[in-house]
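Secondary and tertiary structure notes
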Amino acid sequence: MDKTIVVAVERLKMHPVYKKTYRQTKHFYAHDEHNLCQIGDIVRIEESRPLSKLKRWRLVEIIKRGSGVVPVEEVLGQEITSELERVQQGTGQAALGGPGEQQGEEGAE
């Protein structure tokens, strides 16, 4: 999606019966002509003519710059991060060809 940003607007709403506050997210696809936006930026968008199937907004200004850093959990998912943690703790060294596997081969010769 070149020159497109996805703006997530979160609102806190109260349930009419249970009076519990819940979070509601709406996504807007906006046109970013110069590809200036990064993840985490706070932006101002305005309505425009239809630019594509989903794009009906355009970027007016970047109010505040974000860090642009994507969390690892978001990119890789929970399964892979749990696997990485297990490997870092040492339980996955034999599966990765660690020192325990090499010593076993030398003793068998």
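Placed above this text is the structure.
Residues numbered from 1 in each chain as written. Predicted model: local features only at pLDDT ≥ 70, side-chain atom pairs only at ≥ 80, totals over all residues. Heavy atoms only, no water.

Concerning the overall build of the chain
- What the chain contains, in helices and strands, is 3 helices and 4 strands.
- The N-to-C order of helical and strand elements in the chain reads β-β-β-β-α-α-α.
- Looking at the chain as a whole, 14% of its 109 residues qualify as buried.
- Contacts in the chain between residues at least 24 apart in sequence constitute 40% of all its contacts with a sequence separation of at least 6.
- Of the roughly 9200 Å² of accessible surface on the chain, 51% is carried by carbon and sulfur atoms. (Helix = DSSP H or I, 4+ residues; strand = E, 2+ residues; numbered from the N terminus. Buried < 20%, exposed > 50% of the residue type's maximum accessible area, 1.4 Å probe, protein only. Contact = heavy atoms within 4.5 Å. Areas by Shrake-Rupley, 256 points an atom, 1.4 Å probe, with all protein chains shown as cover.)

A look at the nonpolar core
- If you look at the biggest cluster of nonpolar residues, it comprises 7 residues: Ile5, Val7, Phe28, Ala30, Cys37, Val43 and Leu59.
- Secondary-structure elements contributing two or more residues to this core are β1 (4-14) and β2 (21-31). (Core = buried A, V, L, I, M, F, W, Y, C linked by side-chain atoms within 4.5 Å.)

Considering the sheet that holds strand β3 (residues 42-47)
- Across the sheet, 4 strands lie side by side as β1-β2-β4-β3; this open sheet has mixed pairing. Across the chains shown, the open sheet's two edge strands, defined by having one partner strand only, are β1 and β3. Put simply, the sheet's adjacent strands are angled 35° from each other on average, direction ignored. (Pairing = 2+ DSSP bridges. Axes fitted to C-alpha atoms, helices over the stretch in contact; angles between N-to-C directions.)

Notes on the pairing of strand β4 (residues 57-64)
- Bridging between β2 and β4 involves 2 bridges; their strand directions are parallel. Paired with alanine 30 across the strands is tryptophan 57, a residue of β4.
- Of the strand pairs in this sheet, β3 and β4 are connected by 6 bridges, and their pairing is antiparallel. Note on β4: the bridge partner recorded for valine 43 is isoleucine 62.

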